[in-house]
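Each chain is listed here by its residues.
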Amino acid sequence: MKTTVTVAFALTMASTAAFAQGYPNKPITMLVPFAAGGPTDTVARVTAQSMGKALGQTIIVENATGAGGTIATARAARAEPDGYTILIHHIGISTAATLYRKLPYDTKTAFAPIGLITNAPMTIISRKDLPPNTLAELVTYIKANGDKMTFGNAGLGAASHLCGMLFMTAMDKQVQTIPYKGNGPVMNDLMSGQIDLTCDQTTNTTGPIGNKLVKGYAVTTKARLSSMPDLPTADEAGLKGFEVGAWHGIYAPKGTPDEVVQKLAKALQDSLRDPDLVKRFTDINTDVVPQDQATPAALKAKLDSEIDRWAPIIKAAGQFAD
């Protein structure tokens, strides 16, 4: 019996190795949980093009939207674990684990992480005619007038929603939240003065801040941005330890052969050294992660730590999606 089991195991391992050696021999589908034209879609298309070159195979980007990104995520979790369906997702994959109390998958165990890609800084901004001119003044103003103010975000679970929750928690003051269907409508209403505040990725806010269409108060990174050197960090401006970014990672379904996972990780690492990709991300103020972060272990650690970080914040806010 032992010999039979040993032989079967050896045959399985040989079959897996042969499969991995020939991988990929057909196009790969990269599922994107959000609409075409948004920040995650942009990151996906740039990454897919570069990874496709590294793998010698086409990566088809498919937008599968809805339910705060959980539709595409659930589909990826159910996909055949053969490396031909992969998922790109942002920080929202970690917060969905708490925002949605009945998910059809366990976020921590449903995937084989491939690696981190980018980390987009965020900015705290307001309509251009809001009286405060510094973050400290803004916090004081919100504590006095918050009940009459509005904070727009791109929808439940969006990076702007999460940044807003963290901001309100740090201030210990709630502001009326208005969810929109995407970043575009939020910025349009902020620039026209229909809402007071938001916190959004630099990919969306750099232009409006530079053109003085909105008022910028702080960036949510440890260091100032070279593209906006006059904008202080939130920590410098008085919110100590306030740091949040819209990080992106790539995942395969649980059970994907390790050899395939490593091939995808290697292709990702090669892509992040591609001058074309680096330039395109730099142009939209999105930071490419260091090579040691573009690994399965680094993404797994990031995902687990972010789930643990956001769970108490979301529970305290009582903002659930179901």
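Whatever comes next refers back to the structure up there.
Here the structure is a predicted model, which means the values were calculated and not measured.

Conventions and cut-offs
Residues numbered from 1 in each chain as written. Predicted model: local features only at pLDDT ≥ 70, side-chain atom pairs only at ≥ 80, totals over all residues. Heavy atoms only, no water. Helix = DSSP H or I, 4+ residues; strand = E, 2+ residues; numbered from the N terminus. Expected span 1.5 Å × (residues − 1). Buried < 20%, exposed > 50% of the residue type's maximum accessible area, 1.4 Å probe, protein only. Polar contact = N/O pair within 3.5 Å; in protein donor to acceptor, adjacent residues only side chain to side chain. Core = buried A, V, L, I, M, F, W, Y, C linked by side-chain atoms within 4.5 Å. Contact = heavy atoms within 4.5 Å. Disulfide = S-S within 2.5 Å. Axes fitted to C-alpha atoms, helices over the stretch in contact; angles between N-to-C directions. Parallel < 35°, antiparallel > 145°, perpendicular 65-115°, else oblique. Nonpolar A, V, L, I, M, F, W, Y, C, P; charged D, E, K, R; others polar. Pairing = 2+ DSSP bridges. Right-handed = clockwise from strand over helix to strand, strands pointing away. Phe/Tyr/Trp six-rings, centres within 6.5 Å; stacked < 30°, edge-to-face > 60°. Lys NZ or Arg CZ within 6 Å of the ring centre and 35° of its normal.

Peer 1: Describe helix H6 (residues 159-171), and please don't skip the residues or the numbers.
Peer 2: For H6, spanning 13 residues, the distance from its first C-alpha to its last is 18 Å, which sits close to the expected 18 Å at 1.5 Å a residue. Residues of H6 that are buried: Ala159, Ser160, His161, Leu162, Cys163, Gly164, Met165, Leu166, Phe167, Met168 and Met171. Asp172 occupies a position one or two residues after H6 and carries a positive phi of about 60°.

Peer 1: An account of helix H10 (residues 275-283) is needed here, citing residue identities and associated values.
Peer 2: For H10, the N-terminal capping position is held by Asp274, with its side-chain oxygen 3.0 Å away from the main-chain nitrogen of Asp276. Residue Asn285 follows H10 closely and has a positive phi angle near 55°.

Peer 1: Lay out the nonpolar core with the relevant residues and their values.
Peer 2: When a protein is soluble and globular, its nonpolar side chains tend to lie buried together. Counting residues in each nonpolar core, the largest one holds 84 residues, and the members touching the most others are Leu135, Leu138, Phe167, Phe242, Ile250 and Leu264. Among residues more than four places away in sequence, those in contact with Leu135 are Ile124, Phe167, Tyr217, Ala218, Ala234, Ala237 and Leu239. Formed by 12 residues, the second largest nonpolar core is a distinct cluster that contains Tyr180, Val186, Val219 and Met228.

Peer 1: Please provide a residue-by-residue account of the state of the cysteines, values included.
Peer 2: Think of a disulfide as a covalent bridge from one cysteine sulfur atom to another cysteine sulfur atom. One pass over the structure, following the stated rule, counts 1 disulfide. There is a disulfide in this structure between Cys163 and Cys199, and the S-S distance comes to 1.8 Å. Disulfide Cys163 to Cys199: torsion about the S-S bond roughly 50°, handedness right-handed. Here Cys199 lies in strand E7 (residues 197-201) and Cys163 lies in helix H6, a separation of 36 residues in the sequence. Cys163 sits in the buried class, given a relative accessible area of 0%. Residue classification places Cys199 among the buried positions, given a relative accessible area of 1%.

Peer 1: An account of the packing of H6 against helix H11 (residues 296-317) is requested, with residue identities and associated values reported.
Peer 2: Taken N-terminus to C-terminus, the directions of H6 and H11 make an angle of 75°; their axes are 10 Å apart at the nearest point. Considering their axes alone, H6 and H11 lie roughly perpendicular with respect to each other. For the pair formed by H6 and H11, the contact residues are Leu162, Cys163, Met165, Leu166 and Thr169 on the first element and Arg309, Trp310, Ile313, Ile314 and Ala317 on the second. The residue inventory of the contact of H6 with H11, partitioned by class, reads 8 nonpolar, 1 polar and 1 charged.

Peer 1: Which residues make up the pairing of strand E2 (residues 59-63), and what values go with them?
Peer 2: When strand E1 (residues 28-32) meets E2, the two strands line up parallel, connected through 5 bridges. Following the sheet pairing, Ile28 is matched in E2 by Ile59. Between the parallel elements E1 and E2, the chain passes through helix H2 (residues 39-55) in a crossover that is right-handed.

Peer 1: Can you lay out the environment of Gln176 for me, pointing to particular residues and giving the numbers?
Peer 2: Of note, Gln176 is situated in strand E6 (residues 176-179). Given the relative accessible area of 48%, Gln176 is considered partly exposed. In sequence terms Gln176 and His161 are 15 residues apart; their C-alpha atoms lie 12 Å from each other.

Peer 1: Can you tell me about the packing of aromatic side chains, naming the residues and giving the values?
Peer 2: Under the definition given, this model contains 4 aromatic pairs. Arranged with centres 6.1 Å apart and planes meeting at 70°, the rings of Tyr105 and Phe111 form a pair that is edge-to-face. In this pair, the class of Tyr105 matches that of Phe111, namely buried. Where Phe167 meets Phe242, the ring centres are 6.2 Å apart and the plane angle is 85°; that geometry is what we call edge-to-face. You can see Phe167 sitting in helix H6 and its partner Phe242 sitting in the loop between strand E8 (214-219) and strand E9 (245-253), a full 75 residues away along the chain. For Phe167, a relative accessible area of 1% corresponds to the buried category. Connected via pairs of aromatic rings, a cluster forms that spans Tyr105, Phe111 and Tyr251. Just above the ring of Tyr84 sits the side chain of Lys26; from NZ or CZ to the centre is 4.7 Å.

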